[in-house]
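Chain by chain, the residues run as shown.
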Amino acid sequence: MSPIPGTFYRKPSPDAAPYVEVGSIVEADTTVCLVEVMKTFNEIKAGVAGKVTKVCAENEAFVNPGDVLFIVE
């Protein structure tokens, strides 16, 4: 879930690969995306260990606190 409101980014830069894809294995401390708030880019960690089964937010979409960004099983 998004901890803050802002713009959701799946990758660290426009020409880079996404942090995670469906099928990626993550640990609780794995960075899964960025949320930009007032020109500050905040790394968002998975918070749980498991396999990413769905990306729920669109790249560059505005997200609110509590919005589901990924589903990890």
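Parameters at a glance
Residues numbered from 1 in each chain as written. Predicted model: local features only at pLDDT ≥ 70, side-chain atom pairs only at ≥ 80, totals over all residues. Heavy atoms only, no water. Phe/Tyr/Trp six-rings, centres within 6.5 Å; stacked < 30°, edge-to-face > 60°. Helix = DSSP H or I, 4+ residues; strand = E, 2+ residues; numbered from the N terminus. Buried < 20%, exposed > 50% of the residue type's maximum accessible area, 1.4 Å probe, protein only. Disulfide = S-S within 2.5 Å. Pairing = 2+ DSSP bridges.

1. Considerations on the packing of aromatic side chains
Each aromatic ring pair is summarised here by two numbers: the centre-to-centre distance and the angle between the ring planes. Tallied over the full model, the rule gives 2 aromatic pairs. Centre to centre, the rings of Phe-8 and Phe-70 are 5.9 Å apart; their planes meet at 55°, and the pair counts as tilted. Note that Phe-8 is positioned in strand β1 (residues 6–9) and Phe-70 in strand β7 (residues 70–72), a separation of 62 residues in sequence. Judged by relative accessible area, which is 0%, Phe-8 ranks as buried. Relative to Phe-41, the ring of Tyr-9 has its centre 5.8 Å away and its plane inclined at 50°; by these criteria the two rings are tilted. Taken together, the positions of Tyr-9 in strand β1 and Phe-41 in strand β4 (residues 40–45) put the pair 32 residues apart, joining distant regions of the chain. Since its relative accessible area comes to 47%, Phe-41 is described here as partly exposed.

2. What about the state of the cysteines?
Evaluated as defined, the whole model comprises 0 disulfides. Looking at Cys-33, it has no disulfide partner, and the nearest cysteine sulfur is the one in Cys-56, 11 Å off. Using a relative accessible area of 0% as the deciding quantity, one classes Cys-33 as buried. The partly exposed category is assigned to Cys-56, whose relative accessible area is 32%.

3. A look at the sheet that holds strand β3 (residues 31–37)
Taking strand neighbours across the sheet as the criterion, the 4 strands line up as β4-β3-β1-β6 in an open arrangement whose pairing is antiparallel. Two strands bound the open sheet, and with one partner strand each, they are β4 and β6 (62–63). Summarising the sheet, β3 and β4 pair through 6 bridges and their orientation is antiparallel. From the neighbouring strand, Val-35 faces β4, where its bridge partner is Asn-42.

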